Amino acid sequence: LQSIRSQLQETQKNLSETQNQRQTLQKQLNIYKNTINQLSLNMKQDSVSIEKLGLEIDSLNYDLKDIRSSMADKEAAVNQLLVNIQKNDNENSNLLEIFLKSKTLADGILETESLSNIHNRMKIEIDNLKALSVQYQNTLKEKNGKVSDVQVHQTNLSSRKTIITNQKEEQQVVLTQTKSQ
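Residues numbered from 1 in each chain as written. Predicted model: local features only at pLDDT ≥ 70, side-chain atom pairs only at ≥ 80, totals over all residues. Heavy atoms only, no water.

**A closer look at the confidence of the model for the protein chain**
Now for step 1: Averaged over all residues, the pLDDT of the protein chain equals 86, while 91% of them reach at least 70.
Now for step 2: Put simply, helix α2 (residues 95-101) is where the protein chain has its lowest mean pLDDT, 61, and helix α3 (residues 105-180) is where it has its highest, 89. (pLDDT = per-residue confidence, 0-100. Helix = DSSP H or I, 4+ residues; strand = E, 2+ residues; numbered from the N terminus.)

Right, here's the structure in full:
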């Protein structure tokens, strides 16, 4: 009877250990499964982020193209104004000459106002060109930041793929070891 009790206790102890191992193994497999699922979701998130950033970069490239075009237009306008100013300076070196060459005082005043308007337009065009240059630089910085973000997401995506592969291999090793026991 003592021998049977001892065997019974030994069997219960083995059963308890086996149940503990099973629970530990099940927990470990669940951890692998959950980690793989989480990494898969993170990969999907990275893919969506990369796609979104790609679209934003495309949009910024269009913006940069438009800004460059506007800058070229403004530069052409400034060049034309410079030509007009130089032409007027060659023809009329001072205000007295303008008034003397004019047929009437009103024509002289009109000519000086015209020159003043050309100078004012020149200042406005140069200010607009400066503003476009600042806008171009800011857009370029934003684009470069997004390109860097894409690279980070691509690196994360690649790392997560590697981690998932390793997790699946470890999970398979645990399952193989369990079957062999």
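**Considerations on the nonpolar core**
Nonpolar side chains in soluble globular proteins generally cluster together in the buried interior.
Now for step 1: Among the nonpolar cores identified, the biggest contains 9 residues, and these are Ile36, Leu39, Met43, Ile50, Leu53, Ile57, Val150, Leu157 and Ile164.
Now for step 2: Only α1 (2-91) and α3 provide two or more residues apiece to this core.
Now for step 3: Per-element tally for this core: the top contributor is α1, with 6 residues.
Now for step 4: In contact with Met43, other than residues within four places in its own chain, are Leu157, Arg160, Lys161 and Ile164.
Now for step 5: Counting 6 residues, the second-largest nonpolar core is a separate cluster that includes Ile67, Met71, Leu129 and Leu132. (Core = buried A, V, L, I, M, F, W, Y, C linked by side-chain atoms within 4.5 Å. Buried < 20%, exposed > 50% of the residue type's maximum accessible area, 1.4 Å probe, protein only. Contact = heavy atoms within 4.5 Å.)

**A closer look at the pattern of salt bridges**
Now for step 1: The tally for this structure, following the rule as stated, stands at 5 salt bridges.
Now for step 2: One salt bridge connects Arg160 with Asp46, and the closest N-O pair in it is separated by 2.3 Å. Taken together, the residues span a long stretch of sequence, with Arg160 in helix α3 and Asp46 in helix α1 at a distance of 114 residues.
Now for step 3: Since its relative accessible area comes to 4%, Asp46 is described here as buried. (Salt bridge = Lys/Arg side-chain N within 4 Å of Asp/Glu carboxyl O.)

**Quick look at the side chain of Lys146**
Now for step 1: By the secondary structure assignment, Lys146 is in helix α3.
Now for step 2: Given the relative accessible area of 17%, Lys146 is considered buried.
Now for step 3: Discounting residues that sit within four places of it in the chain, Lys146 has contacts with Leu53, Glu56, Ile57 and Leu60.

**Considerations on the environment of Asn61**
Now for step 1: Here Asn61 lies in helix α1.
Now for step 2: Its relative accessible area of 30% is what places Asn61 among the partly exposed residues.
Now for step 3: At 3.1 Å, the side chain of Asn61 forms a polar contact with the side chain of Lys143. (Polar contact = N/O pair within 3.5 Å; in protein donor to acceptor, adjacent residues only side chain to side chain.)

**So, the side chain of Lys143**
Now for step 1: Take Lys143: it is sitting in helix α3.
Now for step 2: Setting aside its immediate chain neighbours within four residues, Lys143 contacts Ile57, Leu60, Asn61 and Leu64.

**Quick notes on the environment of Ile163**
Now for step 1: With respect to the element layout, Ile163 can be found in helix α3.
Now for step 2: Given the relative accessible area of 38%, Ile163 is considered partly exposed.
Now for step 3: Separated by 128 residues in sequence, Ile163 and Thr35 place their C-alpha atoms 9.4 Å apart.

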